[in-house]
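# Descriptive structure summary
One letter stands for each residue in the lines below.
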Amino acid sequence: MTSARHRERHAASDRSTREPPFIKWTLITVALTFAGLFLLLPLLNVFVQAVSKGWVFYWKSIADPDTQSAIRLTLLIAGITVPLNMAFGLVAAWAIAKFDFPGKALLLTFIDLPFSVSPVVTGLMLVLLFGAQGLLGPWLQEHDVKIIFAVPGMVLATLFVTFPFVARELIPIMQAQGTEQEQAAMTLGAGGWRTFWTVTLPSVKWGLLYGVILCNARALGEFGAVSVVSGHITGLTDTLPLRVEKLYHEFDSAAPFAVASLLALLALLTLVLKTLLEWKTHRQHAKGQQRGAEPAALNSEPGSDTAHFIRPSL
Amino acid sequence: MSIELRHVSKRFGGVEAVSDVSFSMKDGELVALLGPSGCGKTTALRMIAGLEMPTAGDIYIRGQRVNDLSVQKRNVGFVFQAYALFKNMSVFHNIAFGLKVKKWKRGAIEERVSELVMLLDLCGLEKRFPHQLSGGQRQRVALARALAPNPTVLLLDEPFAAVDAKIRQELREWLVHLQYDLKLTALFVTHDQEEAMEIADRIVIFSHGRVEQIGTPREVYESPATEFVARFIGVMNVLDVEVRGGVGRAGELEFPAHGHGEGERFRIGFRPYAVSISSDPSALRYRAVVRHTYFLGVMMRVELELPSGQTIRARVTKEDYARLGLADDREVSFQLREYRLLASEGGLLEPEVAVAREMPPMLGEGI
Amino acid sequence: MTEKRFNPLPGFRLTLGLSVFYLSAIVLIPIAALFIKALDVSWADFWRLAFNARALAAYKLTFGASLVAALANAVFGTLLAWVLVRYRFPGRRLIDALVDFPFALPTAVAGLTLASLFSENGWLGRFLVPYGIRGAFTPLGVVIALTFVGLPFAVRTLQPVLENFDRGVEEAAATLGAGRLRTFLTVIAPTLVPTIVTGFALAFARAIGEYGSIVFISGNVPYQTEIAPFLIVMRLEEYDYTGAMALAVVLMVCSFLLLAAINWLEHWASHFEKQ
């Protein structure tokens, strides 16, 4: 984590510890070309293709009843999964970050598991568990509960793939903060709940928000896992990403892009929020460092109290 | 002259980190750049090394102007505060790095490294990696690495700040011995006045990017050139004095007016050792009560509270403390043996009044 | 449970219990279902289903393309991270924010837009296709899509390490007379290798499981541009649950091995980072 002051030192550093300008600008050019081709162009392409048949067609594609129902279903699924995983993240982070117990490392590994499972395999696992041929299939049929090829299965699939986001974000932050503040609150007479609400939660709120943003982005955009368990019933079990695929297979040139542009806008919104959060926590950190006085080199330890550069998850 | 800075300034953006600094050091000298955090001393050191470029002024190493010489070609040894060891290299390869760059022959490199390993007591650690070393060992490797290519001058940036007190003391002694044995010219940056007083031949005191005073440890302690130096080096009682009735007064304490008119103010300072204490409350000029005692080893520092509530700090030996039967809340009397006039705004003192003054007999009544 | 130190904070049993319960319900039980179902299949059947010619072709494409994409990300991701951390230039903040774009963008949209860019009439395809470079409906398309989704992993893994890189070390090399190239090769690069390898492994792991973006760009032709996850979906659509399950078990085992490797790599890298 680099404080503003550290940056200044970089910038001020003398030419003999930097690359010659020729090399510097060559590297910048290559990197920018790559970023332009691989990041900027695909983004612009979505919006240009979306309106390639004009705005009227664009609005018609979005106002289509099937698209409208896909929007509603996507929001419903995110609305269920994000709060659940957020609650889990807080609960798990409290247990893992504030206490020591045998099997902690194993629990952490299990929390990471969904990152390394292919979304398609996730869907398949749910089919094998809840499907007609699945382990619980006969029992579910008997009681007339439909999970696969219905909304509950899609919710479960989304819960699985977005499971680690909030917890992974909170655990390192809470661990870095230790238990001293909570203990101080308790010596002052605060109970468990009060300590959590007034001490713990405020100090991890930005990390929590960050995790929720990432979790939400994935919940809105999940394709593979949801696709396997949805059954692709138009107007009933299509989310926005599934709707994009369906329109694509209908060989329409603009309609899938129109729907995709909604998702791309959400992605952009995610990026903006994420960047704002990083700046905010960054600035807090820089302030803390300035207060931290003298040896700049010693203070350049990675500050783990902020949500900077969270590595995207698998 | 080994190193000379002439009117050197450095600006970072809008901030002048170093302004118009001039000083020089002789071959074989150990000089400290001393000052509080952010006073520009590290920047001055980095400019000598070539890690920063001065905005104005000239830097000379052995009589050669080095402003346009890159850091690689200045042949300085630099020891970094946080060691900056190459963590992918063993101790041997860390020390050998500068020699390899300078294309020494393999045999010569091995010989030189083993020489330094002996010198810095790193025997048996050659194959270790930095993360396998203690803090003191790391800093000694950093020292060996910097010394290996026989630098013209050794520059050390807060070299002992990152280790604990005991190791710090050991490393200081290392540096003094090395400097003496190898006849090194060394310049080190520190914010610890005790460290500077203890090991430096001369001290350059920095404040807000300017040099406040240059002198031997004794000179800066006994004849501080400015109020800043007086306060920064050792303990100093500083009082605001106002002239009333032809006498300078600060609470109960009285001083000659020194040519100041009625109602004018000036500042004086005196060191704790300049206070004489008697256990008889009426033996000396001022009455006071002992408020606190601080144990400093051989010496004791006592805080004296005058009836008005004003406090001053005095110093007595442990023996005198016992002989006088001093204790907290004990009533005593005291007087000042000497004091200094301080220039009003913390600027430079007039040289003629910077010498210590005897108390005039008319004010020092009764013993 | 043996508690080493008394901890006055409340809620341990409750939060740990809830965590384990929720983890089991959402994650562990479905994973267990896969392996329990797999036990019903005989070894010979499993071998036939998991390693037939079509499956082998799919693995080859999945792992081959993932490897190439992860290598591309190791190179360009390192370059991008270096440029973003070390240099100041107009647009730096924009690019820095955009690095996460492949992560924030739903994979279906990524596949859609990449396929359109590289198709014959696309913005890039119209220049590339005349030279025989076909990015859509070819194995190259798979590589392109996987490079896109893996890029944030390579960049974001290296970036913080580069930001925290002790400038003093470079300065020390300079005061000892080393030039810039020498400093880079002997002092900087060796310390970054474990982190670059970790980023590579993460991008690789992500690529193996990827499905959404590939569906759009690869064309999904059996034996040619069909990836393993797509083959699982095909089996499912044929109601061949056993076939799908066999493929899934192979993918899962590979992912777990990779996960273990990544954990070990991260341990190595953090060990390396500490001085």
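Each chain has its residues counted from 1, following the order in which its sequence is written. Think of it this way: whatever chain is written first is A, whatever ligand is written first is 1, and the rest follow in order. In keeping with the model being predicted, local features are shown solely for residues with a pLDDT of at least 70 and side-chain atom pairs are shown and tallied solely at 80 or more, while totals for entire chains, interfaces and linings include all residues. No hydrogens and no water enter the side-chain calculation; it runs on all heavy atoms of the structure.

## Considerations on the interface of chain C and chain B
In this description, contact between two residues means that some pair of their heavy atoms is separated by no more than 4.5 Å. Contacts between chain C and chain B engage 22 residues on the former and 26 residues on the latter. Interface area for chain C against chain B, summed over the two sides, is near 2100 Å², with a carbon-plus-sulfur share of 62%. One side-chain nitrogen of Lys or Arg within 4 Å of one carboxyl oxygen of Asp or Glu is enough to make a salt bridge. The tally of links between chain C and chain B comes to one salt bridge. Whenever a nitrogen or oxygen atom comes within 3.5 Å of another N or O atom, the pair is scored as a polar contact, on the condition that within protein one atom can donate a hydrogen and the other can accept it, and that pairs from neighbouring residues in sequence are kept only if both atoms are in side chains. Taken together, the connections running from chain C to chain B amount to four residue pairs in polar contact (both at pLDDT 80 or more). Counting from the N terminus, the helices are DSSP H or I runs at least four residues long and the strands are E runs at least two residues long. A total of seven residues in the side of chain C that touches chain B trace back to one element, the largest contributor, which is helix α9 (residues 167-175) of chain C. Each residue receives one of three labels: charged for Asp, Glu, Lys and Arg, nonpolar for Ala, Val, Leu, Ile, Met, Phe, Trp, Tyr, Cys and Pro, and polar for the others, Gly being one of them. Its residues assigned to classes, the side of chain C that touches chain B comprises nine nonpolar, eight polar and five charged. We define buried area as the total accessible area lost by two parts upon association, computed with a 1.4 Å probe and summed across both.

## Considerations on the packing of aromatic side chains
Note on aromatic pairs: the rings of Phe, Tyr and Trp (six-membered ring only in Trp) are paired at centre separations within 6.5 Å, and the planes decide the class, stacked below 30 degrees, edge-to-face beyond 60, tilted for the rest. The tally for this structure, following the rule as stated, stands at 35 aromatic pairs over all chains. Centroid distance Trp 94 of chain A to Phe 99 of chain A: 6.5 Å. Interplanar angle 65 degrees. Geometry classified as edge-to-face. Across this residue pair, the class does not change: Trp 94 of chain A and Phe 99 of chain A are buried. The interplanar angle of 20 degrees and the centroid separation of 6.4 Å between the aromatic rings of Trp 193 of chain A and Trp 197 of chain A together place this pair among those described as stacked. Here Trp 197 of chain A and Trp 193 of chain A lie together in helix α11 (residues 192-221), a separation of four residues that amounts to about one turn. Grouping aromatic residues by their ring pairs yields a cluster made of Trp 94, Phe 99, Phe 101, Trp 193, Phe 196 and Trp 197 of chain A together with Phe 12 of chain C. The residue whose ring lies beneath Arg 271 of chain B is Tyr 221 of chain B, and the NZ or CZ to ring-centre distance is 4.2 Å. As a reminder, the over-ring test applies to NZ of lysine and CZ of arginine, requiring each to be within 6 Å of the ring centre and within 35 degrees of the ring normal. The ring of Trp 82 of chain C has Arg 86 of chain C sitting right over it, with the charged end atom 4.7 Å from the ring centre. Only protein chains enter the area calculation, which uses a 1.4 Å probe; residues under 20% of their type maximum are buried, those over 50% are exposed, and those in between are partly exposed.

## Some words on the environment of Val 85 of chain C
All names here are of chain C. Along the chain, the position of Val 85 falls in helix α3 (residues 53-86). The spatial distance from the C-alpha of Val 85 to the C-alpha of Asp 96 is 9.3 Å, given a sequence separation of eleven residues. The contacts of Val 85, once residues within four sequence positions are left out, are Gln 159, Leu 162 and Glu 163.

## Observations regarding the confidence of the model for chain B
All names here are of chain B. On average, residues of chain B carry a pLDDT of 87, and 93% of them reach 70 or more. Note on residues 346-356: pLDDT is under 50 here. Beyond four places in sequence and across chains, it has 21 contacts. On a scale of 0 to 100, pLDDT captures the predictor's confidence in every residue. Below pLDDT 50 for its whole length, residues 361-367 participates in 13 contacts with residues either more than four positions away or in separate chains. The complex model carries a pTM of 0.82, and its ipTM stands at 0.90.

## Here's the deal with the interface of chain C and chain A
Bring the parts together and some accessible area is lost; that lost area is often taken as the interface size. Of the residues lining the interface, 98 residues belong to chain C; the matching set on chain A comes to 101 residues. Around 9600 Å² of area is buried between chain C and chain A when both sides are counted, 77% of it from carbon and sulfur atoms. Considering only the surface of chain C that becomes buried against chain A, Leu 9, Tyr 22 and Trp 123 of chain C emerge as the three largest contributors, covering 7% of it. In this assembly, chain C and chain A are joined by two salt bridges. For the salt bridge of Asp 100 of chain C with Lys 274 of chain A, the shortest nitrogen-to-oxygen distance reads 2.2 Å. Run the count over chain C and chain A and you get twelve residue pairs in polar contact (both at pLDDT 80 or more).

## Side note on the packing of helix α6 (residues 119-130) of chain A against helix α1 (residues 12-39) of chain C
Lines fitted to the C-alpha atoms define the axes, with helices restricted to the stretch that makes contact. Angles between their N-to-C directions range from 0 to 180 degrees. It is at 8 Å that the axes of α6 of chain A and α1 of chain C come closest, and there the two elements cross at 75 degrees. As judged from the angle between their axes, α6 of chain A and α1 of chain C are roughly perpendicular. Where α6 of chain A approaches α1 of chain C, its residues Val 121, Leu 124, Met 125, Leu 126, Leu 128 and Leu 129 of chain A are matched on the opposing element by Ile 29, Pro 30, Ile 31, Ala 33, Leu 34 and Lys 37 of chain C. For the contact of α6 of chain A with α1 of chain C, a count of residues per class yields eleven nonpolar, no polar and one charged. With respect to orientation, any angle under 35 degrees is reported as roughly parallel, any angle over 145 as roughly antiparallel, any angle of 65 to 115 as roughly perpendicular, and every other angle as oblique.

## Observations concerning the side chain of Thr 113 of chain C
Checked against the element boundaries, Thr 113 of chain C lands in helix α6 (residues 107-118). On the basis of relative accessibility, which here comes to 0%, the residue Thr 113 of chain C falls in the buried class. If near-sequence neighbours (up to four positions away) are discounted, Thr 113 of chain C is found in contact with Pro 42, Asn 45, Val 46 and Phe 257 of chain A.

## Observations regarding the sheet that holds strand β2 (residues 15-25) of chain B
Residue and element names in this part refer to chain B. Taken in spatial order, the four strands line up as β2-β1-β4-β5 in an open sheet, and their pairing is antiparallel. Of all strands in the sheet, those with a lone pairing partner are β2 and β5 (64-65), marking the two edges. Across seven bridges, strand β1 (residues 3-12) lies against β2 in antiparallel orientation. For Lys 10, the partnering residue across the bridge sits in β2 and is Val 18. In short, DSSP must find at least two bridges between two strands for them to pair.

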